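Topology and contacts: notes
Residue-level listing of the chains:
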Amino acid sequence: MMTHTDYDAYIFDLDGTLLDTLRDLWASTNYALRTHGMPEHTIADVRRFVGNGVRKLMERAVPDGEHNPLFMPALATFRDHYLHHGCDTTQPYPGIVPLLHRLRAAGKSVAVVSNKFDAATKSLCTHYFGTLVDTAIGESERVRKKPAPDTVEEAIRQLGVAHGRCVYVGDSEVDIATAANSGLPCITVLWGFRDRDFLIAHGATTMVDRPEEIF
């Protein structure tokens, strides 16, 4: 059985795993809702809404979701606001940057796969992690979003590593399912957007409380 340090590549989720993005997602959600005359949500609501990409976030936030005639304008407003304000309060979780430095110093490959739209995923990874991340892949028309395995498979292809030498790291039920669909072992972090009992109920088996437990 492989230990956490035996892998050649570590494939991370972004929101709730590497970056605490919740307050900026909440702010952009409510800006979009407010702009289009819709009721706003609490930060606890938005915590529950995230994990399946921006479109699904807004489907959950907008009254009647996609059936609302203002849904597409609200989604466009969210995207524009978030691209300009996605770094207002977002920060790496404590211990994440040292973890990435340890992985790179040990010669490990690092990828990020996210259901956040691709431009924001790449921008945030460049801004916060620079060369510590080899490749970052977000939601786009080219690949199915998680929990489909497409983004993970593309990350493995870009990294040029053997599938059996990779591990997936995430914080949500979407990530647990993504790892399973990709045929990868999953390390589930407990500092993100879901609590331990919820994660266990959704199949988490290997859980960590601190980044240093990963490597």
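First, a word on what this report is: a plain description of the structure on this page. Fair warning: this is a prediction, and the values are worked out from it, not measured in the lab. (Residues numbered from 1 in each chain as written. Predicted model: local features only at pLDDT ≥ 70, side-chain atom pairs only at ≥ 80, totals over all residues. Heavy atoms only, no water.)

1. Points about the overall build of the protein chain
Regarding its fold elements, the protein chain presents nine helices and eight strands. Here the C-alpha atoms of the protein chain give a radius of gyration of 17 Å, agreeing with the 17 Å that 2.2 N^0.38 yields for 215 residues. Dimensions of the protein chain, computed from the C-alpha atoms along their principal axes, are close to 55 × 35 × 30 Å. For the protein chain, buried positions account for 54% of its 215 residues. Partitioning the intrachain contacts of the protein chain with sequence separation of at least 6 by distance along the chain shows that 64% fall at a separation of at least 24. Put simply, the protein chain has 22 plus and 28 minus side-chain charges, and the middle of one group is 2 Å from the middle of the other. (Helix = DSSP H or I, 4+ residues; strand = E, 2+ residues; numbered from the N terminus. Rg over C-alpha atoms; globule rule 2.2 N^0.38 Å. Buried < 20%, exposed > 50% of the residue type's maximum accessible area, 1.4 Å probe, protein only. Contact = heavy atoms within 4.5 Å. Lys, Arg positive; Asp, Glu negative; His and termini not counted. Charge placed at Lys NZ, Arg CZ, Asp CG, Glu CD.)

2. Remarks on empty space enclosed by the protein
What the rule picks out here adds up to one cavity of 30 Å³ or more. When its volume is computed, the largest cavity comes out at roughly 240 Å³. What lines the largest cavity is a set of 19 residues, among which Asp15, Val50, Gly51, Asn52 and Gly53 lie closest to the centre. Of the residues forming the lining of the largest cavity, the biggest block, three residues, is contributed by strand E4 (residues 109-117). When the residues that make up the lining of the largest cavity are grouped by side-chain class, the tally is six nonpolar, six polar and seven charged. (1 Å grid on protein atoms, 1.4 Å probe; cavity = no way out; pocket = protein on both sides within 12 Å on 5 of 7 lines; lining within 4 Å. Points joined across faces, edges and corners; volume = space filled by probe spheres on them. Nonpolar A, V, L, I, M, F, W, Y, C, P; charged D, E, K, R; others polar.)

3. Remarks on the packing of aromatic side chains
Any two aromatic rings considered together are summarised by their centre-to-centre distance and by the angle between their planes. For the structure on display, the rule yields five aromatic pairs. Arranged with centres 6.4 Å apart and planes meeting at 65 degrees, the rings of Tyr82 and Phe117 form a pair that is edge-to-face. In this pair, Tyr82 is assigned in helix H4 (residues 71-85) and Phe117 in strand E4, connecting sequence segments 35 residues apart. Ring centres 6.5 Å apart and planes at 55 degrees place the aromatic pair Tyr128 and Phe129 in the tilted group. This pair shows no difference in class: Tyr128 is buried, exactly as Phe129 is. These aromatic residues form a ring-pair network of at least three members: Tyr7, Tyr10 and Phe215. (Phe/Tyr/Trp six-rings, centres within 6.5 Å; stacked < 30°, edge-to-face > 60°.)

4. Concerning the pairing of strand E1 (residues 9-12)
Regular strands show a simple pattern: their side chains alternate between the two faces of the sheet. The alternating pattern of E1 places Ala9 and Ile11 and Tyr10 and Phe12 on opposite faces, both of which are buried. Summarising the sheet, E1 and E4 pair through four bridges and their orientation is parallel. By the bridge assignment for E4, Phe12 is matched with Val112. Note that E1 and strand E6 (residues 166-170) share four bridges and pair parallel. Opposite Ala9, over in E6, you have Cys166 as the bridge partner. (Pairing = 2+ DSSP bridges.)

5. A short note on the sheet that holds strand E8 (residues 207-208)
Strands sit in the order E5-E4-E1-E6-E7-E8 across an open sheet of six strands; the sheet is parallel. Strand pairing shows two members of the sheet lacking a second neighbour, strand E5 (135-139) and E8, which therefore form its edges. Relative to the sheet, helix H7 (residues 150-159) contacts E1, E4, E5 and E6, its axis offset from that of E5 by approximately 160 degrees. (Axes fitted to C-alpha atoms, helices over the stretch in contact; angles between N-to-C directions.)

6. Quick word on the nonpolar core
Counting residues in hydrophobic clusters, the biggest one holds 48 residues, and the most contacted among them are Phe12, Met58, Phe78, Phe129 and Ile214. Non-local contacts of Phe129, meaning those with residues more than four positions away in its chain, are made with Leu14, Leu18, Leu19, Pro92, Ile96, Val97, Leu100 and Leu124. Residues Ala9, Val152, Val161 and Leu184 belong to the second largest nonpolar core, which totals 19 residues. (Core = buried A, V, L, I, M, F, W, Y, C linked by side-chain atoms within 4.5 Å.)

7. A closer look at the layout of surface pockets
Considering only enclosed or pocket space, the second largest pocket measures out at about 170 Å³ in volume. Around the second largest pocket sit Arg55, Leu75, Arg79, Phe117, Glu139, Ser140, Glu141, Val143 and Lys145, which together line it. Among the residues forming the lining of the second largest pocket, the class breakdown is three nonpolar, one polar and five charged.

8. Some points on the state of the cysteines
Taken as a whole, this structure holds zero disulfides when the rule is applied. Between Cys87, a free cysteine, and Cys125, which holds the nearest cysteine sulfur, the sulfur-to-sulfur gap is 11 Å. Distance from the sulfur of Cys166, which forms no disulfide, to the nearest cysteine sulfur (Cys186) is 13 Å. The class of Cys166 is buried, set by a relative accessible area of 1%. (Disulfide = S-S within 2.5 Å.)

Any functional reading would require information beyond the geometric quantities listed.
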